[in-house]
Amino acid sequence: MEVVQHRWRLRWSFKNATIVVTLFNLIASLFLLYSFFSSSSSSKPSSVEMYIKEAEEIRRAMLPVELIKRVKEIRKEAYGEPDPVQQKDAKQTAAVDLISRLNNYRSYSDSGSVKVLEEWRKRKMERARQRELGKNGTTI
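Parameters and conventions
Per chain, residue numbering runs from 1 following the sequence as it is written. Reporting of local features is limited, given that this is a predicted model, to residues whose pLDDT is at least 70; pairs of side-chain atoms are given and counted only at 80 or more, and all residues count toward the totals for whole chains, interfaces and linings. Heavy atoms from the whole structure form the basis of all side-chain values; hydrogens and water molecules are not counted. Only DSSP runs of H or I covering at least 4 residues are called helices, and only runs of E covering at least 2 are called strands; the numbering of each starts at the N terminus. For the exposure calls, accessible area comes from a 1.4 Å probe over protein chains only, and a residue counts as buried if that area is under 20% of its type's maximum, exposed if over 50%, partly exposed in between. Residue exposure ignores everything except the shown protein chains as possible cover, and the areas themselves are Shrake-Rupley values with a 1.4 Å probe. The term salt bridge refers to a pairing of a side-chain nitrogen on Lys or Arg with a carboxyl oxygen on Asp or Glu at a separation within 4 Å. Each patch is built from residues lacking any salt bridge and having more than 30% relative accessible area; the joining distance is 9 Å for like charges and 5 Å for nonpolar side chains (Val, Leu, Ile, Met, Phe, Trp, Tyr). Positive charges are assigned to Lys and Arg, negative charges to Asp and Glu, while His and the chain termini are left out of the count. To locate a charge, the coordinates of NZ of Lys, CZ of Arg, CG of Asp or CD of Glu are taken. Only the six-membered ring of Trp is used, alongside the rings of Phe and Tyr, when aromatic pairs are assigned; centres must lie within 6.5 Å, and planes under 30 degrees apart are stacked while those over 60 apart are edge-to-face, with the rest tilted. Helices are assigned an expected span. That span is 1.5 Å times one less than the residue count.

So what's going on with the overall build of the chain? Residues and values would help.
Secondary structure assignment for the chain yields six helices and zero strands. Ordered by position from N to C terminus, the α and β elements of the chain give α-α-α-α-α-α. Taken across its 140 residues, the chain has 0% of its residues classed as buried. Counting only carbon and sulfur atoms, one obtains 63% of the accessible surface of the chain, whose full area is about 14100 Å².

See below:
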């Protein structure tokens, strides 16, 4: 009796058990692959696929397509370039406004304020030169 048990242990070693489990997994995976590919190749869609298609159609129907188009148009208008006619009109009105401001300035300014303005400009240019020289590291 002991001899039979000893042979039984030798037959069912870990190596043999591993081989049996591996063969079982291989057969199961082949069966699953076969069932997966055979169901996908059928011409009749399954109930799950029908539910998915129906859900996608409902989602597409709920999208506010007209609203999205209008928002895109508004963004184009807001960030896009204005028409050339409008651009010319804007430039023309800006030029007329600038000319009128200059004429008003000349009429109100006297020689004293012009001299003060020129001195201020000279000081400002001198400060800008000093800053530029300081940035370059060539201070005098």
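Go over the pattern of salt bridges with me, naming the residues and quoting the values.
For the structure on display, the rule yields three salt bridges. Salt-bridge contacts for Arg70 lead to Glu73; the nearest nitrogen and oxygen are separated by 3.2 Å. Of this pair, Arg70 and Glu73 both sit in helix α4 (residues 65-79), three residues apart, which is roughly one turn of that helix. Where Glu126 meets Arg129, a salt bridge forms, and the shortest distance between an N and an O atom there is 3.2 Å. Of the two residues, Glu126 and Arg129 both sit in helix α6 (residues 111-136), three residues apart, roughly one turn of that helix. Taking relative accessible area as the criterion, Glu126 reaches 36% and is therefore assigned partly exposed.

Tell me about a positive patch on the surface, residues and numbers included.
A cluster of basic residues, Arg123, Lys124, Arg127, Arg131 and Lys135, forms a positive patch on the protein surface. Checked against the element boundaries, Arg127 lands in helix α6. Relative accessible area serves as the criterion here: at 49%, Arg127 is assigned to the partly exposed category.

Please give an account of the packing of aromatic side chains that cites residues and values.
Under the defined criterion, the tally for this structure stands at one aromatic pair. Between the aromatic rings of Phe36 and Phe37, the centroid separation amounts to 5.3 Å while the plane-to-plane angle is 70°, which identifies the pairing as edge-to-face. One exposure class covers both Phe36 and Phe37, and it is exposed.

Help me get a handle on α4, residues and values and all.
For α4, built from 15 residues, the straight-helix expectation of 21 Å at 1.5 Å per residue is met to within 8% by its first-to-last C-alpha distance of 21 Å. A small share of α4 lies buried, amounting to zero of its 15 residues.

Just give me the short version of a nonpolar patch on the surface, but keep the residues and values in it.
On the surface, Ile19, Leu23, Leu26, Leu30, Leu33, Phe36 and Phe37 cluster together into a nonpolar patch covering about 710 Å² of accessible area. For Phe36, the location among the structural elements is in helix α2 (residues 14-40).

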